[in-house]
Amino acid sequence: MIVLDSNALRCDGFGAFCNATLLRGLSVVCGHPLALPQLVLDEDLANYGRSVQRYSGAGDTERVLAAVSTWVRRADVARGLSRDMPTTATAVRYREEALRKVFRKVLPSPEGSSDEAHRREVNRIRPASSSGGEGRDVVVWLTALAAASEVAPHQLIFVSKDRAFRFEHTYRMHGELLSEAPPNLRFLPTVEAVIDRLSSHADVDTDHAGSPDVLNAIARTVIDGNDDPNHDPRRDLWGWEPQDLPPHARTPTVAPSLQQTREVKARTVATTQLTAIDAVYRLDLRWSDAEQAALTVSASAS
């Protein structure tokens, strides 16, 4: 199991980053499920909600749409055809759904962890700080300990850059915490360190982002949603679903094209190679005649 603290999640543990993509792939290949402590999930959603609320309050449409990238009305809003923006509650719900798809395990805080956090704060016991704060670190630490005991003898990798867990200016776990950690718990400071531990570097050409194999894979994903039986590209991408069209008339032709490559990284695990791509693609959808007619009628009616 791989358990992320808030700083690891926020830095590159989730989203379109190459490291986040590699982390998901390594989780599958190496058999390490990804997990978040409940407190980390709560913190992330609270911070995310405050950001969306701040952008909305300032009338910053562009930043709201960037934060809520899966908003189905984003294309119409961006073109000035709609003012239908997501509420903060809707944005937070989208965020939680996306997180739970990646982090299938959300670890509950152990019973009594709040009292233990208070005790450690009062007595300046790590990971509480020497000034008597950081009770949240105590709860996250106790959650990781409980999860490690539960998955033993399998390894649990706890990922955090928080200084409360480290020995002075190193990235090693502090001795006080090491003494109470079970033997199957390993501490690493970053997602990058997890990737380095679980895989080896592999060379990859940045042109790979625009290769036919990648473009075909994108087209298949848009059409079938990774074999999701409930996926519909019109509804999921645009919030539009034509009425009274039989299934055979509902499949558009998808033509993706590469617009910008930001990063391409590859790693190997034994004979398996994982390639992560952070790039911007354009999707051109060519509707069937029946869909085009339905879309024209829908646009005229609105």
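Preceding block: the structure.
Rules used in this analysis
- Residues numbered from 1 in each chain as written.
- Predicted model: local features only at pLDDT ≥ 70, side-chain atom pairs only at ≥ 80, totals over all residues.
- Heavy atoms only, no water.
- Phe/Tyr/Trp six-rings, centres within 6.5 Å; stacked < 30°, edge-to-face > 60°.
- Buried < 20%, exposed > 50% of the residue type's maximum accessible area, 1.4 Å probe, protein only.
- Helix = DSSP H or I, 4+ residues; strand = E, 2+ residues; numbered from the N terminus.
- Polar contact = N/O pair within 3.5 Å; in protein donor to acceptor, adjacent residues only side chain to side chain.
- Contact = heavy atoms within 4.5 Å.
- Pairing = 2+ DSSP bridges.
- Axes fitted to C-alpha atoms, helices over the stretch in contact; angles between N-to-C directions.
- Parallel < 35°, antiparallel > 145°, perpendicular 65-115°, else oblique.
- Left-handed = near helix turned anticlockwise from the far one by under 90°.
- Nonpolar A, V, L, I, M, F, W, Y, C, P; charged D, E, K, R; others polar.

A look at the packing of aromatic side chains
Thought 1: Enumeration according to the criterion identifies 6 aromatic pairs in this entry.
Thought 2: With a centroid separation of 5.1 Å and an interplanar angle of 90 degrees, the aromatic rings of Phe158 and Phe165 are classed as edge-to-face. Each member of the pair, Phe158 together with Phe165, is buried.
Thought 3: Between Phe158 and Phe187, the aromatic rings sit 6.1 Å apart at their centres with planes inclined by 50 degrees, giving tilted as the arrangement. Of this pair, Phe158 sits in strand E4 (residues 156–159) while Phe187 sits in strand E5 (residues 185–188), and the two are 29 residues apart along the sequence.

Description of the side chain of Asp5
Thought 1: Following the sequence through the fold, Asp5 ends up in the loop between strand E1 (2–4) and helix H1 (6–13).
Thought 2: By relative accessible area, Asp5 is classed as buried at 0%.
Thought 3: A polar atom in the side chain of Asp5 sits 3.0 Å from the side chain of Arg136.
Thought 4: When sequence neighbours within four positions are dropped, the list of residues in contact with Asp5 reads Val40, Arg136, Val140, Phe158, Val159, Ser160, Asp162 and Phe165.

Some details on the sheet that holds strand E8 (residues 272–286)
Thought 1: Taken in spatial order, the 3 strands make up an open sheet running E6-E7-E8, and their pairing is antiparallel. Lying at the two open borders of the sheet, with one neighbouring strand each, are strand E6 (200–202) and E8. Each adjacent strand pair in this sheet contributes to an overall mean axis angle of 25 degrees, direction not counted.
Thought 2: As paired elements, strand E7 (residues 253–269) and E8 share 15 bridges and run antiparallel to each other. Each residue of the ladder has a partner; that of Gln260, found in E8, is Val280.
Thought 3: Packing against the sheet, helix H11 (residues 212–224) makes contact with E7 and E8, and its axis sits at approximately 115 degrees to E7.

Details of the sheet that holds strand E3 (residues 105–107)
Thought 1: Strand order in the open sheet formed by 5 strands is E3-E2-E1-E4-E5, and the pairing between neighbours is parallel. Of all the strands in the sheet, just E3 and E5 have a single pairing partner and so form its edges. With strand direction ignored, the average angle separating the axes of adjacent strands in the sheet is 30 degrees.
Thought 2: Bridging between E4 and E5 involves 4 bridges; their strand directions are parallel. Among the inter-strand pairings, Val159 is bridged to a residue of E5, identified as Leu188.
Thought 3: Against the sheet, helix H8 (residues 135–151) touches strand E2 (34–37), E3, E4 and E5, its axis set at about 165 degrees to E4.

So, unusual backbone geometry
Thought 1: Look at the link from Arg126 to Pro127: it is a cis peptide, with omega at 5 degrees.
Thought 2: Tracing the chain through its elements places Pro127 in the loop between helix H7 (113–123) and H8.
Thought 3: Omega for the peptide link from Ala152 to Pro153 comes to 10 degrees, which places this bond in the cis form.
Thought 4: Relative to the assigned elements, Pro153 resides in the loop between H8 and E4.

With respect to the packing of helix H2 (residues 18–30) against helix H10 (residues 191–198)
Thought 1: At a closest axis distance of 10 Å, the pairing of H2 and H10 adopts a crossing angle of 40 degrees. With respect to their mutual orientation, H2 and H10 come out oblique. For H2 against H10, the interelement crossing comes out left-handed. Seen from H2, the contacting residues are Asn19, Leu22, Leu23, Leu26 and Cys30; seen from H10, they are Val191, Glu192, Val194, Ile195 and Leu198.
Thought 2: When its residues are assigned to classes, the contact of H2 with H10 shows 8 nonpolar, 1 polar and 1 charged.

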